[in-house]
Amino acid sequence: MALHLWTNALIATMAPDAPEPYGLIPDGALAVQDGRIAWVGPRKDLPLALDDAATAYDAQGALVTPGLIDCHTHLVYAGDRATEFEARLNGASYEEIARAGGGVLSTVRATRAADEDSLIRQSARRLRALRAGGATTVEIKSGYGLSQEHEAKCLRVARRLAEEEDLSVRTTFLGAHALPPEFAGRPDDYIAEVCRMLPVLRAEGLVDAVDAFCEGIAFSPAQTQRVFEAARALGLPVKLHAEQLSDSAGAQLAASYGALSCDHLEWLNEDGARAMAQAGSVAVLLPGAFYCLRETRVPPVDLLRRYGVPLAVATDCNPGTSPCTSLLLMMNMACTLFGLTPQEALAGVTRNAARALGLADRGVLARGLRADFVLWDAHNPAELSYALGINPRRVTCIEGQPA
């Protein structure tokens, strides 16, 4: 099959065991065949057999990184919640808004009222913005339908977006996101309904993983455990919105099920960090929600580092608490608000984000992995975390093809 070669590049492989920061290769070359990386390394070491590439590209000194991965989004929804943003600025808390019928349930109403084509139109704009900022893989959660009919609709939209927008999408079933109005006062009954929905949606090929919102305004650890048991019975991996607004020991629970990730984590304690480390769960940091909610308690990054928990960074793209479609901005916020280094931030949207989705075939530029990579007008990988409101992306390649 045809071989494609990129040369004259500053390549940040993001290989975890590389001797240089970022796995940096000055004057590097990268060869692609059949959508996979056939070779990567210094141009001077390029094998002679690769000189006959069907297509040769001069990167003109561009920085090349793995394609960015957004491992936590709620991207499929209808409407917006700008009025709630205003209410919070006037003093209302996230919990007060939710208990008054706003929050997730207001988006549920709008999403239920929208048909698939309308959801495609609204959601595609957000996905395109992510791709324009270097994203090549995006996780999309359901959770704004809260019934089998509408959860399936949202998950079908996510699958369609992958096909129509030429981007890799992973779907996560978040039926346990909020209590729908028809189950008011009956959370246990709704959890039973979530567990009934799950095998149906999986049989339709709509679910790659299962998530839940374990919090005082959402679902208890015991209710979350029932969802995880249903996921385990189907062989589906789990993840959790954990310790965002309080310490509910959700991280320990998720870790006991080998969770791919625990996300938010502002209130994580040492027992939770230890459990995550033992389970190999990734800590997904969501600075957009922290910023929009004007929180003051930051995730315990030093604790997570001490236990060797991998750190990922994501947009949490959603209408209520993080209406953001820029991983570059999230990298900057992760550095400035949470104290990550630029190298940690870039690892957080590449190799660790891939791990948070259970994807071992991307997130690093290495032979045999997917040829998802981005060329940037930058001379140092730290520039990607440094600049505010600037997008230095030059070219995105998905499976080796410029997009």
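Residues numbered from 1 in each chain as written. Predicted model: local features only at pLDDT ≥ 70, side-chain atom pairs only at ≥ 80, totals over all residues. Heavy atoms only, no water.

Peer 1: How do you make sense of the nonpolar core when you look at a structure like this?
Peer 2: Note that soluble globular proteins tend to have their nonpolar side chains buried in a common cluster. In this structure, Val76, Leu161 and Val207 are the most contacted members of the largest nonpolar core, which totals 98 residues. It is helix H12 (residues 327-338) that provides the largest number of residues to this core, a total of 8 residues. Once residues lying within four places of it in the same chain are set aside, the contact partners of leucine 161 are Leu75, Val76, Ile120, Ser123, Ala124, Leu127, Ile140 and Asp166. Grouped together as the second largest cluster of nonpolar side chains are 15 residues, Trp6, Ala62, Ala371 and Leu375 included. (Core = buried A, V, L, I, M, F, W, Y, C linked by side-chain atoms within 4.5 Å. Buried < 20%, exposed > 50% of the residue type's maximum accessible area, 1.4 Å probe, protein only. Helix = DSSP H or I, 4+ residues; strand = E, 2+ residues; numbered from the N terminus. Contact = heavy atoms within 4.5 Å.)

Peer 1: Whenever I open this one, the packing of helix H5 (residues 148-165) against helix H6 (residues 187-203) confuses me. Can you help?
Peer 2: It is at 10 Å that the axes of H5 and H6 come closest, and there the two elements cross at 40 degrees. As the angle between them shows, H5 and H6 are arranged oblique. Judged by the sense of rotation from one axis to the other, the crossing of H5 with H6 is right-handed. Counting all contacts with H5, which are made through Gln148, Glu151, Ala152 and Leu155, the residues of H6 involved are Arg196, Met197, Val200 and Leu201. Classifying every residue of the contact of H5 with H6 gives 5 nonpolar, 1 polar and 2 charged. (Axes fitted to C-alpha atoms, helices over the stretch in contact; angles between N-to-C directions. Parallel < 35°, antiparallel > 145°, perpendicular 65-115°, else oblique. Left-handed = near helix turned anticlockwise from the far one by under 90°. Nonpolar A, V, L, I, M, F, W, Y, C, P; charged D, E, K, R; others polar.)

Peer 1: Help me understand the side chain of arginine 81 in this model?
Peer 2: Within the secondary structure layout, arginine 81 lies in the loop between strand S6 (68-70) and helix H1 (82-89). Here glutamate 84 takes part through its side chain, which lies 2.9 Å from a polar atom of the side chain of arginine 81. One polar contact links the side chain of arginine 81 to the main-chain carbonyl oxygen of glycine 103, over a distance of 3.3 Å. When neighbours within four sequence positions are excluded, arginine 81 is seen to be in contact with Tyr94, Gly103, Val104, Ser106, Thr107, Tyr144, Pro319 and Gly320. (Polar contact = N/O pair within 3.5 Å; in protein donor to acceptor, adjacent residues only side chain to side chain.)

Peer 1: How should the sheet that holds S6 be read in this particular structure?
Peer 2: In any sheet, the strands associate via hydrogen bonds between backbone groups, in a parallel or an antiparallel arrangement. With respect to topology, 4 strands assemble into an open sheet ordered S6-S7-S8-S9, the strand pairing being parallel. Strands at the two margins of the open sheet, each flanked by one partner only, are S6 and strand S9 (209-212). When strand polarity is set aside, the average angle formed by the axes of neighbouring strands in this sheet is 20 degrees. Sheet analysis places S6 next to strand S7 (residues 135-141), joined by 3 bridges and oriented parallel. Its bridge partner being in S7, isoleucine 69 is matched across the sheet by threonine 137. (Pairing = 2+ DSSP bridges.)

Peer 1: Got a minute to help me understand unusual backbone geometry in this structure?
Peer 2: Outside of glycine, negative phi angles account for most residues, and trans bonds account for most peptide bonds. In this structure, methionine 14 takes a positive phi of about 60 degrees despite not being glycine. Within the fold, methionine 14 resides in the loop between strand S1 (3-12) and strand S2 (24-33). Overall, methionine 14 belongs to the buried group, its relative accessible area being 0%. Phi at leucine 146 is positive, roughly 60 degrees, even though this residue is not glycine. Note on placement: leucine 146 falls in the loop between S7 and H5.

Peer 1: Is there a simple way to explain the sheet that holds strand S10 (residues 239-242) in this structure?
Peer 2: In spatial order, the strands read S10-S11-S12-S13; together these 4 strands make up an open sheet with parallel pairing. Edge positions in the sheet fall to S10 and strand S13 (311-313), since each has one partner strand and no second. Along the sheet, successive strands turn relative to each other by an average axial angle of 25 degrees, direction set aside. As paired strands, strand S12 (residues 282-285) and S13 are joined by 3 bridges and run parallel to one another. Bridge pairing in S13 places valine 284 opposite alanine 312.

Peer 1: Teacher, can you tell me more about the layout of surface pockets here?
Peer 2: Empty space left among the atoms is revealed by rolling a probe the size of a water molecule over them. Considering only enclosed or pocket space, the largest pocket measures out at about 330 Å³ in volume. Forming the walls of the largest pocket are 17 residues, and the residues nearest its centre are Ala98, Ala178, Leu179, Ile217 and Ala218. Every element with two or more residues in the lining of the largest pocket is listed here: helix H2 (94-99) and helix H3 (104-113). If you tally residues by element for the lining of the largest pocket, the top one is H2, at 3 residues. Put simply, the second largest pocket is a space of about 160 Å³. Forming the walls of the second largest pocket are Arg88, Ala92, Ser93, Tyr94, Glu95, Leu245, Leu293, Arg294 and Glu295. Looking at the lining of the second largest pocket residue by residue, the class counts come to 4 nonpolar, 1 polar and 4 charged. (1 Å grid on protein atoms, 1.4 Å probe; cavity = no way out; pocket = protein on both sides within 12 Å on 5 of 7 lines; lining within 4 Å. Points joined across faces, edges and corners; volume = space filled by probe spheres on them.)

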